[in-house]
Amino acid sequence: MNPVCEPLRRLKDDTAALHLRAELHVRILDADATLTDYRDYLAAMLGYHAPLEDLLGAHDGLGAAGFDAPRRRRAPMLAADLCALSDDPREVPRCTALPAVTSLARALGVAYVLEGSTLGGRYILARLPPALAGLRGHATAFLTGHGPETGARWRDFAAIVARELNTPAAEAEAVAGARETFERLIDWLAPRTRAAGAALREAS
Ligand code: HEM
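Residues numbered from 1 in each chain as written. Predicted model: local features only at pLDDT ≥ 70, side-chain atom pairs only at ≥ 80, totals over all residues. Heavy atoms only, no water.

Draft legend 1. View of the packing of helix α1 (residues 6–23) against helix α10 (residues 168–189). Taken N-terminus to C-terminus, the directions of α1 and α10 make an angle of 15 degrees; their axes are 10 Å apart at the nearest point. Taken together, α1 and α10 sit at an angle that is classed as roughly parallel. As α1 packs across α10, the resulting crossing turns out to be right-handed. On α10, the residues touching Pro 7, Arg 10, Leu 11, Asp 14, Thr 15, Leu 18, His 19, Arg 21 and Ala 22 of α1 are Glu 171, Ala 172, Ala 174, Val 175, Ala 178, Arg 179, Phe 182, Glu 183 and Ile 186. Along the lines of polarity and charge, the residues of the contact of α1 with α10 split into 10 nonpolar, 2 polar and 6 charged. (Axes fitted to C-alpha atoms, helices over the stretch in contact; angles between N-to-C directions. Helix = DSSP H or I, 4+ residues; strand = E, 2+ residues; numbered from the N terminus. Parallel < 35°, antiparallel > 145°, perpendicular 65-115°, else oblique. Left-handed = near helix turned anticlockwise from the far one by under 90°. Contact = heavy atoms within 4.5 Å. Nonpolar A, V, L, I, M, F, W, Y, C, P; charged D, E, K, R; others polar.)

Draft legend 2. The arrangement of the coordination of the iron atom of the ligand in detail. Donation to the iron atom of the ligand from the protein comes from one atom only, His 19 (NE2), at 2.1 Å. Positionally, His 19 belongs in helix α1. (Donors = N, O, S within 2.8 Å, 3.2 Å for Na, K, Ca; no water.)

Draft legend 3. Representation of the site of the ligand. Around the ligand sit 15 residues, and of these Lys 12, His 19, Glu 23, Tyr 112 and Gly 116 come closest. Between His 19 and the ligand, the recorded distance is 2.8 Å, taken from a side-chain N or O atom to a nitrogen atom. Within the contact set of the ligand, an oxygen atom lies 2.6 Å away from a side-chain nitrogen or oxygen of Tyr 112. Of all the secondary structure elements, the ones that give two or more residues to the shell around the ligand are α1, α6 (104–126) and α10. A total of 8 residues in the shell around the ligand trace back to one element, the largest contributor, which is α6. (Near = heavy atom within 4 Å. Polar contact = N/O pair within 3.5 Å; in protein donor to acceptor, adjacent residues only side chain to side chain.)

Draft legend 4. Region of interest: the pattern of salt bridges. The final tally for this structure, using the stated rule, is 13 salt bridges. Arg 39 is the partner of Asp 87 in a salt bridge, and the nearest nitrogen-oxygen pair spans 2.9 Å. Note that Asp 87 is positioned in the loop between α5 (75–84) and α6 and Arg 39 in helix α2 (residues 35–57), a separation of 48 residues in sequence. According to the relative accessible area criterion, Asp 87 is partly exposed, its value standing at 26%. A salt bridge links Arg 106 to Glu 180; the shortest N-O distance between them is 3.0 Å. Here Arg 106 is found in helix α6, whereas its partner Glu 180 is found in helix α10, with 74 residues between them in sequence. (Salt bridge = Lys/Arg side-chain N within 4 Å of Asp/Glu carboxyl O. Buried < 20%, exposed > 50% of the residue type's maximum accessible area, 1.4 Å probe, protein only.)

Draft legend 5. Structural detail: the side chain of Arg 74. Note that Arg 74 resides in the loop between α4 (69–72) and α5. Here Arg 74 is buried and forms no salt bridge, its nearest opposite-charge partner Glu 53 lying at an N-O distance of 5.2 Å. Here the side chain of Arg 74 touches Leu 114 through a polar contact of 2.8 Å, landing on its backbone oxygen. (Lys, Arg positive; Asp, Glu negative; His and termini not counted.)

Draft legend 6. Molecular detail of the packing of aromatic side chains. For the coordinates displayed, the defined rule picks out 5 aromatic pairs. The interplanar angle of 70 degrees and the centroid separation of 6.0 Å between the aromatic rings of Phe 67 and Phe 157 together place this pair among those described as edge-to-face. Placement of the pair is Phe 67 in the loop between α3 (60–64) and α4 and Phe 157 in helix α9 (residues 150–164), with a sequence separation of 90 residues. The burial state of Phe 67 is the same as that of Phe 157; both residues are buried. Pairwise contacts between aromatic rings join Phe 67, Tyr 112, Trp 154 and Phe 157 into one cluster. For the cation-ring pair, Arg 127 lies above Tyr 123, with the distance from its terminal atom to the ring centre recorded as 3.7 Å. (Phe/Tyr/Trp six-rings, centres within 6.5 Å; stacked < 30°, edge-to-face > 60°. Lys NZ or Arg CZ within 6 Å of the ring centre and 35° of its normal.)

Draft legend 7. Fine view of the packing of α6 against α10. Relative orientation of the contacting elements α6 and α10 amounts to 45 degrees, with a least axis distance of 7 Å. The pairing of α6 with α10 is recorded here as oblique in orientation. The two elements α6 and α10 meet at a crossing, and its hand is right-handed. Along the contact surface, α6 presents Ala 105, Arg 106, Gly 109, Val 110, Tyr 112 and Val 113, while α10 presents Ala 170, Glu 173, Ala 174, Ala 176, Gly 177, Ala 178, Glu 180, Thr 181 and Phe 182. Split into classes, the residues belonging to the contact of α6 with α10 amount to 9 nonpolar, 3 polar and 3 charged.

In short, shape yes, function no, at least from these values alone.
Right, dumping it as C-alpha cells:
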C-alpha cells in the first residue's frame with residue numbers, strides 16, 4: 001500500500017458522508033443561486049475559517065511539522081471577496097464553537113478539511129451558475145485559492161500527513177479532528193445559508 005496515500009485515503013473515506021452533508025449547505029451551485037446566496041456563503045465561510053486558521057497558526061507542533069499556516073490562510077481571500085462586493089468583512093460574526101485543535105494528529109485532521117476544500121474550490125469555480133459566473137476574477141479569490149499552486153500545496157500537505165500520521169492511533173485521532181471540523185462547520189452553516197429543503201430532509 002502506498003504509504004503517502006494511506007492516511008489521506010482514510011481521512012477521505014471516513015469523512016465522505018460529512019462532505020456530502022456539508023455540500024447541501026453550499027447553495028452557490030444551484031441553477032437559481034443569487035448574489036445574496038453568494039454573499040451569505042462568503043460571510044459564513046469567513047466566520048468559520050478566520051478563527052480556525054488562527055488556531056492552526058498558533059499550534060506549535062503543526063509549524064514544526066512543516067505546515068506553513070500563514071501561507072495557507074484563505075480568510076484574507078474571503079475578506080477580499082466580500083470587500084469586492086462592498087461588504088465589510090469586519091462585521092462578519094466569527095464562529096466560537098470550533099473543533100478542538102489539541103494534539104498534532106488532531107490538528108492535521110482539522111487542517112485536512114480546510115486544505116482539501118481548496119481542491120473542491122476549483123471545481124465549484126468552473127461550475128458557477130449564470131447569476132454568479134460574472135463574478136469570476138472579481139470576487140472569487142477564495143474559490144480560486146492558490147490557483148496553479150493548488151496541486152503542489154496539496155501534495156506538500158499530503159507528505160506532512162504521511163510523515164506524521166504514522167500509527168493507527170494518530171490516524172484515528174486525525175479522523176476524529178476532521179470529522180469534528182465538518183460537523184462544526186455544518187452546524188455553523190445550517191442557519192446561515194439558504195436551506196436545501198427536500199435534499200436536506202432526505203439526507204437526515
Ligand atoms: C457545493 C459544495 C462543494 C462541492 C461541489 C465540493 C466538491 C469537491 C470536489 C469535486 C472535490 C474533489 C476535488 C479533487 O479531487 O480534485 C472536493 C474535495 C474536498 N472537499 Fe469539497 N466540495 C464542496 C464543499 C466543501 C466544503 C464546504 C468543505 C469543507 C470546508 C469541503 C471539503 C473538501 C475536502 C476536505 C476535500 C478533499 C477530499 C480528498 O480528496 O481527500 N468541500 N470537494
